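# Geometric and topological summary
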Amino acid sequence: MADLSINFAGIRSPNPFWVASGPPANTGYQANRAFEAGWGGVVWKTIGEPIVNTASRYSAMHLGNTRIAGFNNIELISDRAPETNFDEIAEVKRRWPDRVVVASLMTDTRENWHDYMKRSTDCGSDAVELNFGCPHGMCERGMGSAVGQNPEVIETIVGWVMEVAEIPVIVKLTPNITSVKHAARAAKNAGADAISLINTINSITQVNLETFAPEPLVDGRSTHGGYCGPAVKPIALNMLHECAADPGFDLPISGIGGIGNWRDAAEFLALGSTSLQVCTAIMHYGFRIVEDMKEGLSDYLDAQGFSSVNDMIGRAVPNVGDWQNLNLNYKRVARIDYNKCIGCNLCYVACEDGAHQCIDLIDPAGYGLGPGRVPEKFIPQVREVDCVGCNLCSLVCPVDNCIDMVELKSEKQPMSWKEYQQRVADGDMDPIPAHP
Amino acid sequence: MAIKPKLSERAAERNMAELEPAYRPQEATVEADRCLYCFDAPCIHSCPTGIDIPGFIKKIANDNVTGAARTILRANVLGASCARVCPTEVLCEGACVLLDRDETPIKIGRLQRYATDHAYESALPLLHAPAKKSGKRVAIIGGGPAGLSCAAELAQLGHEAVIYERHQKAGGLNTYGIAYYKMKPAVALAEVRLVQSLGVEILTGTEVGKDVPGDEILNCYDAVFLAIGLGATYSLGIPGEDLPGVVEALAFIEELRMNPLDEVAVGDHVAVIGCGNTAIDAATQAKRLGANRVTIVYRRGPEDMPAFEYEYELAKTDGVEFLFHTQPVEVLGSKAGGLEGLRMVRTEPDANGRPQNVAGSEFDVPFDMVIKALGQQKLGDVIAKIFPGITIDKRGSIERDFATGITKHGSIYAGGDAANGGSEVVDAVAEGKRAAAAMHASFTGEAPEKLVQTTRLGTPDGATGAGIDKPVRVVELERAFRAGEASNG
Ligand SMILES: Cc1cc2nc3c(=O)[nH]c(=O)nc-3n(C[C@H](O)[C@H](O)[C@H](O)COP(=O)(O)OP(=O)(O)OC[C@H]3O[C@@H](n4cnc5c(N)ncnc54)[C@H](O)[C@@H]3O)c2cc1C
Ligand SMILES: Cc1cc2nc3c(=O)[nH]c(=O)nc-3n(C[C@H](O)[C@H](O)[C@H](O)COP(=O)(O)O)c2cc1C
Ligand code: SF4
Ligand code: SF4
Ligand code: SF4
């Protein structure tokens, strides 16, 4: 059994799985249930001056049979009094000394930040998370993403917080920004101990075509809401990698955004997260999902021969980099396994209309067709000499592993675009002719 | 006409292949994705062993098949056989909420088979017995599903379990009696090895009461679990019953399970007498092994038959014929000339609905093989002689407390067919587990630590260890927390 425990900026957690700041982390009752189910930590619903919420608050993007492929909310921070939240944190910490409780904070003036920092420390929080990410409502009041989008303001506020910080300070960043790196660097410059990302992404999920108002509907109107859930995972992974690969940026990162099972979790770890936070998946299925996350991750680590989760953190970071360093001489083509092909021809039409016209429909005679195929119906065949290896057909093919993208050994030495430019400039080679 | 093997090896294997093929990975994922992952799921509640079904299905969807198998096997050590033989239509799948949305219920059995097959193929050690032993020893009489489950549970709780089995192979009816096209013997034997891997000793070829006396067992062990199942099929009680060509259903099925299929002899026209699940199994297997015609003879009508509806459907699809409201009165033939057929009479229900023979309605039908499937005899009085102190109910089964399996004799427990009068494999597994939990409690004064996912309806009867670390709902803790909250201001 691999060791799942982590040390995140000095905070010890029995496993990397934390409940993200949001509705599942709203009360002591929920934190208790989360710990019962096995979560390693809870980042409390953001504490600040109590706000007033609207009805309704959430909407979603369903995709075919998949409910909640993406989730959107227009909820603000905690609507409970700060003293209620701090009292409950104290009680939860008393009951669960080995688990992590992080107070998420959002306020405005330097005095208020100092006050909240002191109260967070006094109630026994293991750390604080500064919410610089909420993209609706709070930003109109100069907080949340209004802070997170401006590195100078981040630096100022983190500076205030660090003046009194006795426990680790995590800065939660917004994805609603051109480059998250600058925000991360600002947090580091001001002395923060860690960052977390991503918060939610500005979004409108749908428009009601009778009332012409989007959901979530509030008395005939709506507003831009924060997007999260499975759909945002690729964006979160990208931003995670940007920070994890930023030279000189060495703060631990808590990864958030679309994590729903052990595999998502492992991908975040591989791209440089030390701890992981989950909101939407809990809102969909409850705290019980952590069982699969812990077990699946542990089995995966065992199978890979890693004795600790720390052995895999950041392993994929070096394998992602600038386009200009990719090998232009690498060749990969699509190959169809006729024992698996069911004859839908989606690959054919995708390549013909959507890619590079490299698949022919040919007479099936002589090809070992899979069971159930209509005899004599023409079958798709990749013209490997023309295939550019774009992956499209293998992505549309509805049968797992039916179209393999196979590597063709090239006799040519690897050559990146950067090297190519250099060689052409040096007169070592002619420019590669344009594609016909 | 002759009783002899009818089919080539290939044809027999094809006819007797498992009814539904194993899922391929993509099929399993697609099916698993349909599951709603219900909370308080009715499917869990309908499983006698309380497997956390949404939990294991979600794990399959998430490509954590090993974890899925772990969840299943922790709750039900015979998860692989239950996946194949359970009447899921009337258990978990019959409770699936998708039925209320007019959709096909989740194929829980097939998914369970997918996950457990993976466990056996990968040979990962998913179950463990603790290194520290309690020193308590339990004798288990009978190595069928009830006995194996009790032994596995005891071993996982740190106690020593020794199984006494009179057959040459353990597994009980899972090994000897289940229809071949539901489960091959190899699956049952692999499960026996899993139980052995937990340190359980199995003494095969050892009949308690004959090879080992009951009092010796009582002297050597801290507790005893009686899991002896049922006895031989009832006899017809008609002339000619001992003619060659008249066989017991269980003997016929055992023969086909223990020998190469192309060596199993069947008649050209086979009569099967009785209409329970065993009769259907015998009839379909005779048909699938090449019998020309198979006729089930039953003294009541189709509405009264004890067999499950889908078993009846399967027999009809296989071309089995039915003679309802008919009773055999004599087996025709001679020792020298062999079996010639059956003399039968029509029956009519009397005022109480009991079938009565109609005088003068005799008719003869030629058969060259007759399979008796009138139900199995109860072994209560046999075992009560071996273990005085236990009591027998009026149906001939061992009397025991349902929740704990404890008999009137305070250190003897009972479960499975011997106690419930004849039910399903999964009931036997559940009863074995419950008895193990009760023994553990009597040894240690504590309930077993393996907890179950409780549901709104309470804990599924006797279920333990659905595979999660802690129950999701801990009502007392919730209350305590709220009380603490109130007192803290
Ligand atoms: C033909 C047939 C088909 C069936 N099909 C299904 C099905 O499809 N699905 C389903 O769920 N259930 C089915 N069942 C029912 C199921 O097999 C039983 O409910 C289940 O096997 C009961 O388990 P058990 O451990 O109580 O008894 P058994 O499986 O009968 O095991 C009892 C064991 O005890 C041994 N034993 C008995 N006396 C002694 C002794 N004195 N000393 C030592 N050992 C002894 C026996 O040899 C036997 O191995 C079927 C039953 C039959 C007969
Ligand atoms: C309804 C809702 C309320 C949220 N409230 C907060 C909040 O108060 N503070 C905060 O830092 N993040 C908040 N978030 C953002 C989440 O913590 C998380 O960053 C985001 O949802 C992405 O993770 P996910 O895909 O796992 O949901 C909220 C998200 C949702 C869906
Ligand atoms: S989940 Fe449904 S019932 Fe619960 S608060 Fe929201 S709208 Fe109301
Ligand atoms: S998309 Fe896949 S299954 Fe469909 S025709 Fe192409 S190779 Fe065959
Ligand atoms: S009832 Fe059906 S849909 Fe719900 S958890 Fe069980 S199998 Fe899945």
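Residues numbered from 1 in each chain as written. Chains lettered and ligands numbered in written order. Predicted model: local features only at pLDDT ≥ 70, side-chain atom pairs only at ≥ 80, totals over all residues.

## Concerning the overall build of chain B
When helices and strands are tallied, chain B shows 19 helices and 16 strands. Taken over C-alpha atoms, the radius of gyration comes to 24 Å for chain B, in line with the 23 Å a tight globule of 489 residues would show. Its C-alpha atoms give chain B principal-axis dimensions of roughly 90 × 55 × 50 Å. Buried positions account for 49% of the 489 residues belonging to chain B. Counting contacts in chain B only where the partners sit at least 6 residues apart, residues at least 24 apart contribute 70% of the total. (Helix = DSSP H or I, 4+ residues; strand = E, 2+ residues; numbered from the N terminus. Rg over C-alpha atoms; globule rule 2.2 N^0.38 Å. Buried ≥ 20, exposed ≤ 12 C-beta atoms within 10 Å, placed from the backbone. Contact = placed C-beta atoms within 7 Å.)

## Quick notes on the site of ligand 1
Residue and element names in this part refer to chain B. Around ligand 1 sit 39 residues, and of these G142, G144, G172, G229 and G416 come closest. If you list the elements that add at least two residues to the shell around ligand 1, you get α9 (145-156), α10 (173-176), α13 (249-258), α14 (277-288), α17 (417-420) and α18 (425-444). A domain-level breakdown of the shell around ligand 1 finds at least three residues from each of domain 2 (137-231 + 377-444) and domain 3 (246-372). (Near = placed C-beta within 6 Å. Domains from an automatic or database assignment.)

## Considering the pairing of strand β6 (residues 66-73) of chain A
Where strand β5 (residues 58-63) of chain A and β6(A) come together, five bridges link them in antiparallel fashion. The residue of β6(A) that forms the bridge with A60(A) is F71(A). (Pairing = 2+ DSSP bridges.)

## Concerning the packing of helix α5 (residues 151-164) of chain A against helix α6 (residues 180-189) of chain A
Residues and elements named next belong to chain A. Viewed as axis vectors pointing N to C, α5 and α6 meet at an angle of 25 degrees, and their least axial separation amounts to 8 Å. Taken together, the axes of α5 and α6 lie roughly parallel to each other. Seen from above, α5 lies across α6 with right-handed handedness. Side by side, α5 and α6 meet where P151, I154, E155 and V158 of the first sit next to H182, A183, A186, A187 and N189 of the second. (Axes fitted to C-alpha atoms, helices over the stretch in contact; angles between N-to-C directions. Parallel < 35°, antiparallel > 145°, perpendicular 65-115°, else oblique. Left-handed = near helix turned anticlockwise from the far one by under 90°.)

## Topic: unusual backbone geometry
Residues and elements named next belong to chain A. Going from A55 to S56, the amide bond is cis rather than trans, its omega being 0 degrees. Counting through the fold element by element, S56 comes out in the loop between β4 (41-43) and β5. Following L197, the chain continues into I198 via a peptide bond in cis, with omega recorded as 10 degrees. Assignment of secondary structure puts I198 in the loop between β10 (194-197) and β11 (201-203). Backbone geometry places A9, a non-glycine residue, at a positive phi of 50 degrees. Relative to the assigned elements, A9 resides in the loop between β1 (6-8) and β2 (11-13). Judged by the 20 C-beta atoms lying within 10 Å of it, A9 is buried. Its identity is not glycine, yet Q357 carries a phi of approximately 50 degrees, on the positive side.

## Overview of helix α8 (residues 262-270) of chain A
Of all the positions in α8(A), only W262(A), D264(A), A265(A), A266(A), F268(A) and L269(A) are classed as buried. Packing partners of the buried residues in α8(A) comprise α7 (233-244), β13 (253-256), β14 (273-278) and α10 (290-304) of chain A.

## A closer look at α7(A)
For α7(A), which comprises 12 residues, the first-to-last C-alpha distance of 16 Å matches the rise-based estimate of 16 Å (1.5 Å per residue) to within 8%. All of the buried residues along α7(A) are A236(A), L237(A), M239(A), L240(A), H241(A), C243(A) and A244(A). (Expected span 1.5 Å × (residues − 1).)

## Points about the sheet that holds β5(A)
Residue and element names in this part refer to chain A. Here we have four strands laid out as an open sheet, ordered β5-β6-β12-β11, and antiparallel in their pairing. The open sheet terminates on both sides in strands that have one partner only, identified here as β5 and β11. For this sheet the average axis-to-axis angle between neighbouring strands, irrespective of direction, equals 45 degrees.

## Some details on the environment of T223(A)
All names here are of chain A. As for its position among the elements, T223 is in the loop between β11 and β12 (225-228). Taking the C-alpha atoms as reference, T223 lies 9.9 Å from R57; in sequence the two are 166 residues apart. T223 has contacts with I74 and H136, leaving out every residue within four places of it along the chain.

## Some words on the nonpolar core
Residues and elements named next belong to chain B. By size, the foremost hydrophobic cluster in this structure holds 137 residues, and its most contacted members are I60, I140, A151, F225, L226, V272 and I371. Here the element with the most residues in this core is α18; it accounts for 10 residues. Apart from residues no more than four positions distant in its own chain, V272 is found in contact with A279, A282, A283, V294, I296, V297, I371 and A373. (Core = buried A, V, L, I, M, F, W, Y, C linked by C-beta atoms within 7 Å.)

## Concerning the domain arrangement of chain A
We note that the domain assignment places domain 1 (6-319) and domain 2 (324-426) within chain A. Once you take the C-alpha centre of each, domain 1 of chain A and domain 2 of chain A turn out to be 40 Å apart.

## A few points about the packing of helix α1 (residues 28-37) of chain A against helix α2 (residues 82-95) of chain A
All names here are of chain A. Running from N to C, α1 and α2 cross one another at 25 degrees; their axes reach a closest spacing of 9 Å. Classified by the interaxial angle, the pair formed by α1 and α2 is roughly parallel. When you trace α1 past α2, the crossing you get is right-handed. Of the residues in α2, those in contact with G28, A31 and N32 of α1 are E88, E91, V92 and R95. Partitioned by chemical class, the residues of the contact of α1 with α2 number two nonpolar, two polar and three charged. (Nonpolar A, V, L, I, M, F, W, Y, C, P; charged D, E, K, R; others polar.)

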